[in-house]
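A structural walkthrough
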Amino acid sequence: MERIASLIERFPQTFRFGVATSAYQIEGGIDADGRGASIWEAFAARPGAIERGENADVACDHYHRRDADVALLGHLGVDSYRFSIAWPRVQPLGSGRVNTAGLAFYDQLIDRLLAEGITPFPTLYHWDLPQALQDVGGWTARETADRFADYAALVVDRLGDRVKEWALFNEPYIFVSRGYLLGRYAPGHANLSEFLRAVHTVTRAHALGYRAIKARRPELEVGSVFALAPCEPATESEADQRASQFADAAFNHLFLDPLFTGAYPQRVLDTLPVDEMAIEPGDLESMRTPLDFIGINCYYRLVISAGESMPDLPFIDFGLRHDVRSVGSHADLTDEAFRVHSSFGRNEGARTDMGWEVWPRALQSMLSRLHTLYPGVPLHVCESGCALHDRVDEHGQVSDPERTAYHHAHLLAVAAAIADGADVRSYHAWSLCDNFEWASGYRPRFGLVRVDFETQTRTVKASGEWFRQVCLASRARRGPPVPTTT
Ligand code: BGC
């Protein structure tokens, strides 16, 4: 493996090496200090929703261990920490009353990060909608976009003096498709009309949230984080090629296009019953809100094939081949919409515990593509990582050379995209620590730091030690921070 010193030479001095988490996956403390319920508590309580019936009521107990976890971040020497703010902690009912203690938790988190010399990089929504908003329709209700903008404004009023970059959403396609179309994530619905309405509400929420923040503090940089992946046809056949074009439009363009161009992708418009999105006059024009930066999470390439006998799968099934016949019975769908199957890669790279093929070129190609499509828009790698079944050995160490190799290869992929002209500003390893992996519970371990969920002991894995050396070398190259004068 290339030496760390020569690896970091491939990056500009201002490049930030960081780690990422999300509130629901690490915090626990679900009813501490006035937090309201989120949709994930109700979903996790459904039999069969989460592997082994697990839930995130405690998770990594970060809510009660925040300061020790920030000290751990300091030990790792990261430049940047991407985390999310839990809407139900800040506004227990999703509108109206603010929970002062909830907001104070993030206020103090930010102060402690800054004291460690770490740039706070928050995301406003990483999937934990207040249950009270779900009770009135969740993301299918048009008004939820307005509630989101109110929430964004009140958070930025309190924290915008110390945080320069704000991400609005994490992976809109993933939570909208799995939450409303596939029934795999909260709120666990499988209904095409709901999916289409939610797409439009979340797109409007991007535009309204962006404007609400900019109206208060025009100097802030406001972006969003997208799950993106190259979509390759499984074979050269025309059917597979058409299917992969549709998959690409849905997966990579459905949320980005309306923000940057004011229109949903034509392939999607041609294929799905878009009347059900309930688009109102003026919506498309007002949705056009070119973001200040684009965050990318790219974990795999998708290999797309056209199905044969349908309908028993919704479009873009992500390999989640469970029974979604209720979706398939939708009368208005064209045949094509049911003919798209995807799998997480081919058999060329190794597979992680998620079953995803390790394929660093996917990240490189998506960064280069974003650079071509949206020239001049800064890019941030907001998540990159792999789930591996690692364990603590008799010396208390976790040896995970495959994870180190994964991050090394993905950093090289980022460096290659930079060399090709892409303006990539940061790389965040997913994740700081093992955590609650949504419907898969605690089985997949993505952390640079191992968490023993019985004792809450944290152990820096060998990959975490390697990443620390990368961060420290990068800091050393930059020299001591320039003192700010007031
Ligand atoms: C999400 C994370 C998740 C990770 C690994 C991303 O889709 O933003 O919350 O843990 O991938 O599956």
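We now turn to the structure provided with this report. Values in this document were obtained by computation on a predicted structure and should not be read as measured data.

Time to look at the packing of aromatic side chains. Applying the stated rule across the entire model yields 43 aromatic pairs. Between Tyr24 and Phe436, the aromatic rings sit 5.9 Å apart at their centres with planes inclined by 80°, giving edge-to-face as the arrangement. With a gap of 412 residues between them, Tyr24 in helix 2 (residues 23–26) and Phe436 in the loop between strand 11 (424–430) and strand 12 (449–452) connect regions that are remote in the sequence. On the basis of an interplanar angle of 80° and a centroid distance of 6.3 Å, the ring pair of Tyr173 and Phe195 is categorised as edge-to-face. On the criterion of sequence distance, the pair formed by Tyr173 in helix 9 (residues 172–180) and Phe195 in helix 10 (residues 192–216) is long-range, its members being 22 residues apart. What makes Tyr173 buried here is its relative accessible area of 3%. The class for Phe195 is buried, based on a relative accessible area of 0%.

Another point: the site of the ligand. The ligand sits among Gln25, His126, Trp127, Asn170, Glu171, Tyr299, Trp356, Glu383, Trp430, Glu437, Trp438 and Phe446. A distance of 2.9 Å separates an oxygen atom of the ligand from a polar atom in the side chain of His126. Protein burial of the ligand: of its 310 Å² of free accessible surface, 94% is covered by the chains. Residue composition of the shell around the ligand, grouped by class: six nonpolar, three polar and three charged.

Okay, helix 17 (residues 401–419) next. With 19 residues, helix 17 should reach 27 Å at 1.5 Å per residue; the first-to-last C-alpha distance of 27 Å fits that figure. All of the buried residues in helix 17 are Arg403, Thr404, Tyr406, His407, His408, His410, Leu411, Ala413, Val414, Ala415, Ala417 and Ile418. Count one or two residues on from helix 17 and you reach Gly421, which has phi positive near 110°.

Cut-offs used in this document
The residue numbers shown here count from 1 along each chain, following its written sequence. Local features in this predicted model are restricted to residues of pLDDT 70 or higher, and side-chain atom pairs are both shown and tallied only at a pLDDT of 80 or more, whereas totals for entire chains, interfaces and linings draw on every residue. Only hydrogens and water are removed before side-chain values are computed, so all heavy atoms of the structure are retained for them. In this scheme Phe, Tyr and Trp rings, the latter by its six-membered ring, pair at centre separations within 6.5 Å, and the angle between planes marks the pair as stacked below 30 degrees, edge-to-face above 60, and tilted otherwise. Each helix is a run of H or I in the DSSP string that is no shorter than four residues. Each strand is a run of E no shorter than two, and both are numbered from the N terminus. Note on classification: 1.4 Å probe, protein chains only; a residue is buried when its accessible area is under 20% of the maximum for its type, exposed when over 50%, partly exposed between these limits. By convention in this text, a residue qualifies as near a molecule or strand provided that one of its non-hydrogen atoms is within 4 Å of it. N or O atoms closer than or at 3.5 Å make up a polar contact, with two conditions inside protein: a donor-capable atom paired with an acceptor-capable one, and, for residues adjacent in sequence, both atoms drawn from side chains. For accessible areas, the Shrake-Rupley method is used with a probe of radius 1.4 Å. Any residue's cover is judged against the shown protein chains and nothing else. Polarity classes work like this: nonpolar for Ala, Val, Leu, Ile, Met, Phe, Trp, Tyr, Cys and Pro, charged for Asp, Glu, Lys and Arg, and polar for all others, with Gly in that last group. A helix is expected to span 1.5 Å for every residue after the first.

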